[in-house]
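Chain by chain, the residues run as shown.
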Amino acid sequence: MGRFLLSSCVFLSVLCLLPPKLVVALPLHTTSRWIVDEEGGRVKLACVDWPANKEAAVAAGLGHRPVGRISERIAAAGFNCVRLAFPVLLAADQSLASLTVRKSFQRLGLLHFLAGFQENNPSMLDLPLISAYQAVVSSLAENNLMVIIDSQLSSKPCFHGSGINPDLWVKGLTQLATMFSRVPNVVGISLRNELRNVKDWYRYMQKGAEAVHSANPDVLVIISGLGDGTDRSFLLNKQLELTFTGKLVLEMHWRGSLAGRARKTSNPNKVCGRVVNSLLRRGGVLLQKGWPLMVVNELGADDNRRLNCFFGLAAELDFDWTLGILEETSGLMDLKNSSFFKKISTLQGSHRRCRDECIRKQTAS
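Quick caveat: nothing in here was measured; it's all calculated off a predicted structure.

1. Overview of the side chain of Asn80
Tracing the backbone through its elements, the reader meets Asn80 in the loop between helix 1 (67-76) and strand 10 (81-87). Polar contacts involving the side chain of Asn80 include one to the main-chain amide nitrogen of Ala46, which spans 3.0 Å.

Structure, rendered in structure tokens:
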């Protein structure tokens with residue numbers, strides 16, 4: 001397969017550190033708990049979450065900044081990948097996929113977004129929604145960023161109440177995986193469906209994972225947990241039975257709910273200990289069992305107390321991660337927060353020194 005160059009620099013207020021470009025041989029796969037490239041060298045995914053307007057089915061921020069500018073700023077901040085939200089019905093429903101960005105906002109009465117789109121991304125305004133999403137993926141590729149497609153539903157949960165039909169969900173995942181089967185910077189697809197019971201989780205996650213792998217065997221298949229994505233403890237008792245190996249990655253969400261009802265005046269060390277114990281109990285222990293784990297942090301860049309706890313555990317356990325720090329309105333990060341980017345630069349850079357020998361040592365231990 002071809003090589004995909006990942007440039008990285010940590011953008012501080014006035015200083016940009018420029019480490020050597022990292023060459024990643026795609027596609028990615030897993031070995032024990034590690035994500036590795038085609039040559040067996042570890043690739044630590046240090047991602048930022050790019051949300052979407054779920055109703056309009058358009059990536060957030062495009063009415064405020066040019067897509068290339070957002071992509072450039074993400075790369076400049078040192079991230080090597082983007083977890084890009086994708087409404088799964090966009091792939092399953094052709095009538096929705098063919099709707100233009102302009103008409104999508106018009107049907108929802110969101111006319112104030114149109115002027116911003118016209119100013120910042122005029123070439124995308126009359127593209128079909130699916131083409132607009134592909135344009136975002138292409139912009140990220142131009143900035144040497146890998147993409148994990150975060151297949152989301154509408155605001156309604158899946159498989160209960162009036163949510164999406166399971167067969168339609170699988171159809172959407174199949175179409176999605178097929179659509180990006182020849183796009184090298186799309187390295188993974190995350191399956192999210194907000195299931196509430198273990199029986200349904202095993203049934204539908206197996207169907208979804210098999211559908212994605214069958215349509216696109218190159219991508220990592222990333223699966224979320226029960227409910228809000230914080231619980232994976234049930235996998236200690238029974239593994240997910242799949243016909244393929246070397247592609248499965250677990251996803252856990254780091255939310256404020258992990259700390260319970262902690263007050264702002266609570267001792268931060270005690271709160272952190274409670275969060276860490278909760279995360280390990282609900283599935284973090286799976287790392288010790290040889291499962292690759294990506295932790296999605298949804299706290300935001302201004303929650304310093306909880307972020308410090310996250311940074312500490314991420315450094316100790318060395319898992320792959322995603323930070324939800326893009327503003328949903330402007331699509332940009334506050335790059336003036338130099339102390340924040342100094343902290344994440346340590347986590348971003350750790351994988352660059354960890355190649356084959358490092359993996360063998362850590363796996364053996």
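2. Re helix 1
Counting buried positions along helix 1 gives 7 out of 10 residues, so the element sits mostly inside the fold. Three or more residues of helix 1 are buried, namely Val67, Ile70, Ser71, Arg73, Ile74, Ala75 and Ala76.

3. Describing the nonpolar core
Among soluble globular proteins, nonpolar side chains are generally buried collectively. The biggest cluster of nonpolar side chains holds 92 residues, and the ones touching the most others in it are Trp50, Leu62, Phe79, Leu191 and Trp201. The residues touching Leu62, leaving out its near neighbours within four places in the chain, are Trp50, Val67, Ile70, Gly116, Phe117, Asn120, Asn121, Met124 and Val136. Membership of the second largest hydrophobic core comes to 16 residues, among which are Leu28, Cys81, Ile148 and Ile222.

4. A short note on the packing of helix 7 (residues 166-179) against helix 8 (residues 198-215)
At their nearest, the axes of helix 7 and helix 8 sit 8 Å apart, and the two run at 25° to each other. Comparing their axes, helix 8 and helix 7 come out roughly parallel. In the crossing of helix 7 with helix 8, the sense of the turn from one axis to the other is right-handed. In this structure, helix 7 uses Pro166, Trp169, Val170, Leu173, Thr174, Ala177 and Thr178 to contact helix 8, whose residues at the interface are Tyr204, Lys207, Gly208, Ala211, Val212 and Ala215. Here the contact of helix 7 with helix 8 is composed, by residue class, of 9 nonpolar, 3 polar and 1 charged.

5. Considerations on the pattern of salt bridges
Applying the stated criterion to the full structure yields 6 salt bridges. In this structure, Asp318 and Arg42 form a salt bridge, with 2.5 Å as the shortest nitrogen-oxygen distance. With Asp318 in the loop between helix 10 (304-317) and strand 16 (320-323) and Arg42 in the loop between strand 6 (34-36) and strand 7 (46-50), this pair connects stretches of sequence that are 276 residues apart. You'll find Asp318 and Arg42 in the same group, each marked buried.

6. Side note on unusual backbone geometry
Cis geometry is found at the peptide bond from Leu26 to Pro27, where omega equals 10°. The residue Pro27 is located in the loop between strand 4 (22-25) and strand 5 (29-31) in this model. One non-glycine residue with positive phi stands out, namely Asn144, at about 60°. One can find Asn144 in the loop between helix 6 (129-142) and strand 11 (146-152).

Calculation notes
- Residues numbered from 1 in each chain as written.
- Predicted model: local features only at pLDDT ≥ 70, side-chain atom pairs only at ≥ 80, totals over all residues.
- Heavy atoms only, no water.
- Helix = DSSP H or I, 4+ residues; strand = E, 2+ residues; numbered from the N terminus.
- Polar contact = N/O pair within 3.5 Å; in protein donor to acceptor, adjacent residues only side chain to side chain.
- Buried < 20%, exposed > 50% of the residue type's maximum accessible area, 1.4 Å probe, protein only.
- Core = buried A, V, L, I, M, F, W, Y, C linked by side-chain atoms within 4.5 Å.
- Contact = heavy atoms within 4.5 Å.
- Axes fitted to C-alpha atoms, helices over the stretch in contact; angles between N-to-C directions.
- Parallel < 35°, antiparallel > 145°, perpendicular 65-115°, else oblique.
- Left-handed = near helix turned anticlockwise from the far one by under 90°.
- Nonpolar A, V, L, I, M, F, W, Y, C, P; charged D, E, K, R; others polar.
- Salt bridge = Lys/Arg side-chain N within 4 Å of Asp/Glu carboxyl O.

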